[in-house]
Amino acid sequence: MEQVHDVNWYARELGLLHVVSEGENVLRMARERGWSTEEVLAALFQGEYERRLVGRQKARIRTAGFSQMKYLEELDRNELPETVGELLPRLETLDFIKEHRNIVLYGNPGTGKTHIATGLALKACMEGRTVMFTSVPHLITQIKECKSSKTLHQLELRFKKYDLVVCDEFGYVSCDKEAGELLFNHLSLRADLKSTIITTNLAFDRWGEVIRDKVLVAAMVDRLTHNAYLINMNGESYRLKETRKFNGR
């Protein structure tokens, strides 16, 4: 004789966890409000959809590799340089990703470069985009390791498919010639095809301090800045101003 199971059993077997946890509440509400069968099903399916949507968002954030969670809503926009405050609403639309445009945030440390880059990348994750967050030194190490283990091609395939890549902290560690070439070749995979955000403490005319090959530096600057948003973040340290505010100074 065929075994009969209740709704919760089928919901668990099908992975409909919202139905398992909230099904009774929805049915009780439906009885109180006189919902039709279609309205009950719509409420259950909407709840399950929203649960899965949140789960996918969390998975994208987890796999992106963020060093810290820094949201755009946490920025004190009054403390940002005026030109940045004017441009940020346009960047928040994420149209730059659709248009395959890069963003280069440059300026002295503590002015909010990484916060803005992270905030935009987190928003991209929330809106269904695939994201990779890495520091430039870590990326170079990863490229070198993959080259040694003969898995560089697989890394390149993954790297050029991300909707958005954030390369943080360019300029904090010098590159030898090999590292500079590897970095240039890797970033070139995304040129005009996908969006990349670079944060750096150095103006473009100082990139030669990091990669001591003038031809390579010129090519890298040209490739990264073509049709890109170039955002000057020079000014008083954003972190220092936040600390003063916290201490009531």
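Here the structure is a predicted model, which means the values were calculated and not measured.

Together, Trp 9, Tyr 10 and Leu 14 make up an exposed nonpolar region whose accessible area comes to about 310 Å². Of note, Leu 14 is situated in the loop between α1 (7-13) and α2 (17-33). According to the relative accessible area criterion, Leu 14 is exposed, its value standing at 60%.

If you walk across this open sheet you meet the five strands as β2-β3-β4-β1-β5, and the pairing is parallel. Edge positions in the open sheet fall to β2 (131-135) and β5 (229-232), since each of these has one partner strand only. The mean inter-strand angle of the sheet, taken between neighbouring strand axes irrespective of direction, is 10°. Pairing of β2 with strand β3 (residues 164-170) involves five bridges; the strand directions are parallel.

Residues Ile 103 and Leu 105 line one face of strand β1 (residues 103-106) and the alternating positions Val 104 and Tyr 106 line the opposite face, and both faces are buried. Both β1 and strand β4 (residues 195-200) contribute to a ladder of four bridges, which runs parallel. Note on β4: the bridge partner recorded for Ile 103 is Ile 197. Pairing of β1 with β5 involves four bridges; the strand directions are parallel. From the neighbouring strand, Leu 105 faces β5, where its bridge partner is Ile 231.

Further remarks concern the side chain of Thr 111. Here Thr 111 is to be found in the loop between β1 and α6 (113-126). Thr 111 sits in the buried class, given a relative accessible area of 3%. Polar side-chain contacts of Thr 111 include one of 2.9 Å to the backbone oxygen of Asn 108. Polar side-chain contacts of Thr 111 include one of 3.0 Å to the backbone oxygen of Met 233.

With that settled, the discussion passes to the packing of helix α4 (residues 82-92) against α6. Their axes nearest at 11 Å, the elements α4 and α6 cross at an angle of 20°. It follows that α4 is roughly parallel to α6 by the angle criterion. Here α4 and α6 pass one another in a crossing that is right-handed. Contacts from Val 84, Leu 88, Leu 91 and Glu 92 in α4 reach Ile 116, Leu 120 and Lys 123 in α6. Split into classes, the residues belonging to the contact of α4 with α6 amount to five nonpolar, no polar and two charged.

Scanning the entire structure with this criterion turns up five aromatic pairs. Summarising the aromatic geometry, the rings of Trp 9 and Tyr 10 are spaced 5.1 Å apart at their centres and angled 85° between planes, so their arrangement reads as edge-to-face. For Trp 9, a relative accessible area of 31% gives the class partly exposed. Members of the aromatic cluster, connected to one another through ring pairs, are Tyr 106, Phe 170, Phe 204 and Trp 207. Sitting over the face of the ring of Tyr 229, Arg 101 holds its NZ or CZ atom 4.0 Å from the ring centroid. The residue whose ring lies beneath Arg 190 is Phe 159, and the NZ or CZ to ring-centre distance is 5.7 Å.

The next point concerns the environment of Ser 67. Considering the arrangement of structural elements, one finds Ser 67 in the loop between α3 (37-64) and α4. Separated by 38 residues in sequence, Ser 67 and Met 29 place their C-alpha atoms 43 Å apart.

What counts and how
- Residues numbered from 1 in each chain as written.
- Predicted model: local features only at pLDDT ≥ 70, side-chain atom pairs only at ≥ 80, totals over all residues.
- Heavy atoms only, no water.
- Patch = residues over 30% accessible without salt bridge, like charges linked within 9 Å, V, L, I, M, F, W, Y side chains within 5 Å.
- Areas by Shrake-Rupley, 256 points an atom, 1.4 Å probe, with all protein chains shown as cover.
- Salt bridge = Lys/Arg side-chain N within 4 Å of Asp/Glu carboxyl O.
- Helix = DSSP H or I, 4+ residues; strand = E, 2+ residues; numbered from the N terminus.
- Buried < 20%, exposed > 50% of the residue type's maximum accessible area, 1.4 Å probe, protein only.
- Pairing = 2+ DSSP bridges.
- Axes fitted to C-alpha atoms, helices over the stretch in contact; angles between N-to-C directions.
- Polar contact = N/O pair within 3.5 Å; in protein donor to acceptor, adjacent residues only side chain to side chain.
- Parallel < 35°, antiparallel > 145°, perpendicular 65-115°, else oblique.
- Left-handed = near helix turned anticlockwise from the far one by under 90°.
- Contact = heavy atoms within 4.5 Å.
- Nonpolar A, V, L, I, M, F, W, Y, C, P; charged D, E, K, R; others polar.
- Phe/Tyr/Trp six-rings, centres within 6.5 Å; stacked < 30°, edge-to-face > 60°.
- Lys NZ or Arg CZ within 6 Å of the ring centre and 35° of its normal.

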